[in-house]
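Survey of secondary and tertiary structure
Listed here are the chains, written in short residue letters.
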Amino acid sequence: MKFKTYFSKEGSFRLGVVSCVDWSGAEEIYSCSSDHNLLKWKANTRESVQVASLPEDFHPTDLHLLVLKGNVGGGGKGSDSLLIASNDGRFIILNKSARLERSISAHAGAITSARWSPDGAGLLTAGEDGVVKIWSRTGMLRSTVIQNEGPIRCAKWSPTSSAIVYTQGSSIAIKPLAANSKVIKWKAHDGLVLCIAWANHSNLLASGGEDCRYKVWDSQGSNLYTSSPDEHPITSIDIRPEGDLLAVGGFNMVKLCHYSGWSHSTCRFPENIGSLYTLSWSPDGTQIVAGCGNGALLFGHIVDRQVICRNLKATTLGRKTILLQDIVTKTSDTLEFSDRVIKMSLGYGHLIVTTPNQLHIFNENYINTPVIVDGRTDVHILSLGVKNFVAVDSTSIWIYTYTGRLHLTPKFPGSSAQMGSLTERCISLGTDVLAVKDFSDQAIIYVFDLLPGATRQDEPSIIRCKTPVTQISVCRSGGTDNQYLVFIDIHRDLYVTSLRSGPDFPIFKIGTQVISVMWGSDSNILVGLHDACYTIWYCPGEACADPTLIGLTTLTYDTTEFGRNVTLESFEGCQIGLRSSGALFTVSVKIYCNLLHKFVQDGLWSQAVKVCRLGQTPVLWATLAAMATKKNQLSISEEAYSAALQIDKVHYLQHIKNLPGSSVEQMAENSILSGRQTEAEICLVHNKKIREAILMCIRMHNWERALEIAEKHQTDLEYVIEEREKYLRALNKSEMNPKFLTLTKVK
């Protein structure tokens, strides 16, 4: 992956330094330079027209266009305001017709940064006087956030407009805007920090400095990556809207880097263009523009993008060309498009390509006859599933079949306003399920059922988590009764829930310190990445209720041999793709476990047992035991638990088998063995087995529920109290539960 670069045409060079540039839509650019002219450029032709001439005493230092979320393509009222700052402490607000709307004297010295907030409600200015101020959209001063000694070189908003990051000397500081919040400040570079960027959808920051290095940080100031020193200072940096790429500019140089820091490619220019003083990604994340010290504009777009899935590999050769290769048959096809390629995704025998106004669906067997869907603009997320694929644009979520038929347009409260905030970590497509994280309340996940006629298509189920969620993932295989969702919260804890257990959705914790997760394409095997290792859960859904089974079906491996900043790339079949510093590493899951999942999914229990007898490993037997228990295969469960040395569960299974076959009691006991206590209780109560339900609650030490059932059905109340007293005497404790204290006094 690299940039293909062009310069503005010779006659378009300015007399001074191009100090600020910004995008207005995917093809339109505004720039200001020291010759006092405001220009509008076309990215495809690299030609400019003069929009306005600024006053002679107004020397621009920063420019930013207001583009609200949900208006990625530009246009409309969200992108009509241009904010331009000068070195005499003034900033002005223009509309796109260059009519002056506001002119404000804001600082005692030069304004170094002027930025609209991501929500468009206000703007910030920072200056050489060491002050950061927040203004309303109409130019009224709201607050003075920072007052320090020493100039502030640059300042940016956080993605949620709830904090400000600024640089002062060699330090970076983050100031939350909440009342009584403290500033987080750390030394970042050995020299001045010259540029900084904050990713739109994550807590990653990137900075460049006079020490000729660029660095990647988290929002707490922890250093995630430090580059080797370049020949010259890093003068500009920006993070792609999707958050997965960095563009880094210096003297006669521009780099394309992965978000974790390592470089995809470096482009050095033979001619002396000077330093890149300002750099900006286009809203669709396919192009960059940079202002040069010699008065030129540098235009670049990404080429050699690659996506690989099994035997297929797709590579962009240019703005409008993709090369699709079959690695097995060694055949290739060149796909030409009438407009530039924005995104592409490969999987399940299909290649999906988005252009500014169309979706192209290619079947690997009929590559010359694609299905084209018109009218889908600004698509920034593509996610492929077994039966359908998801396209997310600035207005809605669209679910299509691979024949191009619109299957569903999911809606949830406030969804239209959140489309610009959605990322690939916040939406997940399963076999028959779609899960979406709510950005207004990040502890809520909406679940849509994609089966025809399902009620959850129009009224999604809601999963309420205890803490905000950072990533969600739905399993990509399995039947309708074993669909699972995992999510990572802000504490990096990993949880799993069954999507067929609604509306309560019991949630189980199965991992800690997890960075990212991915389900296997062929089986419900999960891989999770930690800081220095990765973990494979061979049966996370069926075993989640039993910590012992989770421990037996989970294996962890070291990743230090791969290097630092390892990322998950793919999980196809038995092969897991890990990438570190540009190198792709492939590791394998246990093939016997993969076969075991396929046999159980197809109901081939005898073959599943044969696989376990052949492999003879505890992880195989424990995986079979968990899945057989859920499917009520008691004999197979008994053998599997015995081979896994879970003697207590073997005795319990023998007790279950001694109960009348297919009786209510046996069904309830089997639910308890699978960790589904609520299901067991409902089964007993609905079949009028009230005493058995009370005994089960007592056995599980769920005393309040036992008391509640006894009071509701007016039976065995004294028995519950007596058993509670025996329990406390055995522990040598006194009664502290208010409900039981009240009954004891009455007695």
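1. Let's talk about the overall build of the protein
- Within the protein one finds 14 helices and 55 strands.
- If you line up the protein on its principal axes, its C-alpha atoms span 95 × 70 × 50 Å.
- The buried share of the protein, taken over its 747 residues, is 56%.
- Taking contacts inside the protein between residues at least 6 apart in sequence as the whole, the part at least 24 apart equals 42%.
- Surface exposure of the protein reaches about 31500 Å², of which carbon and sulfur atoms provide 50%.
- Computed over 73 positive and 73 negative side-chain charges, the inter-centroid distance for the protein is 1 Å.

2. Considering the sheet that holds strand β28 (residues 297–303)
- Spatially, β1-β28-β27-β26 is the arrangement adopted by the 4 strands of the open sheet, whose pairing is antiparallel. Looking along the sheet, the strands with just one partner apiece sit at the ends: β1 (2–7) and β26 (276–281). If you compare each strand with its neighbour and ignore which way they point, the axes differ by 25 degrees on average.

3. Quick look at the pattern of salt bridges
- Applying the stated criterion to the full structure yields 32 salt bridges.
- Between E569 and R579 there is a salt bridge; the shortest N-O distance is 3.6 Å. Of this pair, E569 sits in strand β53 (residues 567–572) while R579 sits in strand β54 (residues 575–580), and the two are 10 residues apart along the sequence.
- Judged by relative accessible area, E569 falls into the partly exposed class, the value being 35%.
- Among the residues examined, R579 registers a relative accessible area of 21% and is labelled partly exposed.
- The network of salt bridges with shared partners includes E27, D284, R319 and R340.

4. Section: unusual backbone geometry
- Non-glycine residue C212 carries a positive phi angle of around 70 degrees.
- Take C212: it is sitting in the loop between β19 (205–209) and β20 (214–217).
- Taking relative accessible area as the criterion, C212 reaches 14% and is therefore assigned buried.
- Of note, the phi angle at Q616 is positive, near 50 degrees, even though the residue is not glycine.
- Within the secondary structure, Q616 is located in the loop between α5 (605–615) and α6 (618–630).

5. Quick notes on the pairing of strand β13 (residues 141–147)
- Of the strand pairs in this sheet, strand β12 (residues 131–136) and β13 are connected by 5 bridges, and their pairing is antiparallel. Paired with V131 across the two strands is Q147, which belongs to β13.
- Connecting β12 to the antiparallel partner β13 that follows it, the hairpin turn spans 4 residues, and G139 within it adopts a positive phi of roughly 95 degrees.

6. Examining α5
- Of the positions making up α5, those classed as buried are W605, A608, V609, V611, C612 and G615. Angular distribution of buried residues about the axis of α5 spans 155 degrees; they occupy a single face of the element. Residues of α5 that are exposed and angled more than 90 degrees away from the buried face: K610 and L614.
- Buried residues in α5 make contact with α4 (591–601), α6 and α7 (634–643).

7. Considering a nonpolar patch on the surface
- The grouping of I591, Y592, L595 and L614 at the surface amounts to a nonpolar patch, some 370 Å² of accessible area in total.
- Element by element, the count of residues in the nonpolar patch is highest for α4, at 3 residues.
- In this fold, L595 is placed in helix α4.
- The exposure class of L595 is partly exposed, given its relative accessible area of 31%.

8. Observations concerning the packing of aromatic side chains
- Under the defined criterion, the tally for this structure stands at 14 aromatic pairs.
- Consider the rings of F91 and W135, whose centres lie 5.2 Å apart with planes at 70 degrees: the pair is edge-to-face. Here F91 is found in strand β8 (residues 90–95), whereas its partner W135 is found in strand β12, with 44 residues between them in sequence. For the pair F91 and W135, one class covers both residues: buried.
- By the ring-pair criterion, three or more aromatic residues cluster together here, those being F389, Y400 and Y402.
- It is R376 that lies over the ring of W398; its NZ or CZ is 3.6 Å from the centre.
- In this structure, K437 is placed above the aromatic ring of F439, and the distance from its NZ or CZ to the ring centre is 4.6 Å.

Scoring rules and cut-offs
Residues numbered from 1 in each chain as written. Predicted model: local features only at pLDDT ≥ 70, side-chain atom pairs only at ≥ 80, totals over all residues. Heavy atoms only, no water. Helix = DSSP H or I, 4+ residues; strand = E, 2+ residues; numbered from the N terminus. Buried < 20%, exposed > 50% of the residue type's maximum accessible area, 1.4 Å probe, protein only. Contact = heavy atoms within 4.5 Å. Areas by Shrake-Rupley, 256 points an atom, 1.4 Å probe, with all protein chains shown as cover. Lys, Arg positive; Asp, Glu negative; His and termini not counted. Charge placed at Lys NZ, Arg CZ, Asp CG, Glu CD. Pairing = 2+ DSSP bridges. Axes fitted to C-alpha atoms, helices over the stretch in contact; angles between N-to-C directions. Salt bridge = Lys/Arg side-chain N within 4 Å of Asp/Glu carboxyl O. Arc of directions from axis to C-beta. Patch = residues over 30% accessible without salt bridge, like charges linked within 9 Å, V, L, I, M, F, W, Y side chains within 5 Å. Phe/Tyr/Trp six-rings, centres within 6.5 Å; stacked < 30°, edge-to-face > 60°. Lys NZ or Arg CZ within 6 Å of the ring centre and 35° of its normal.

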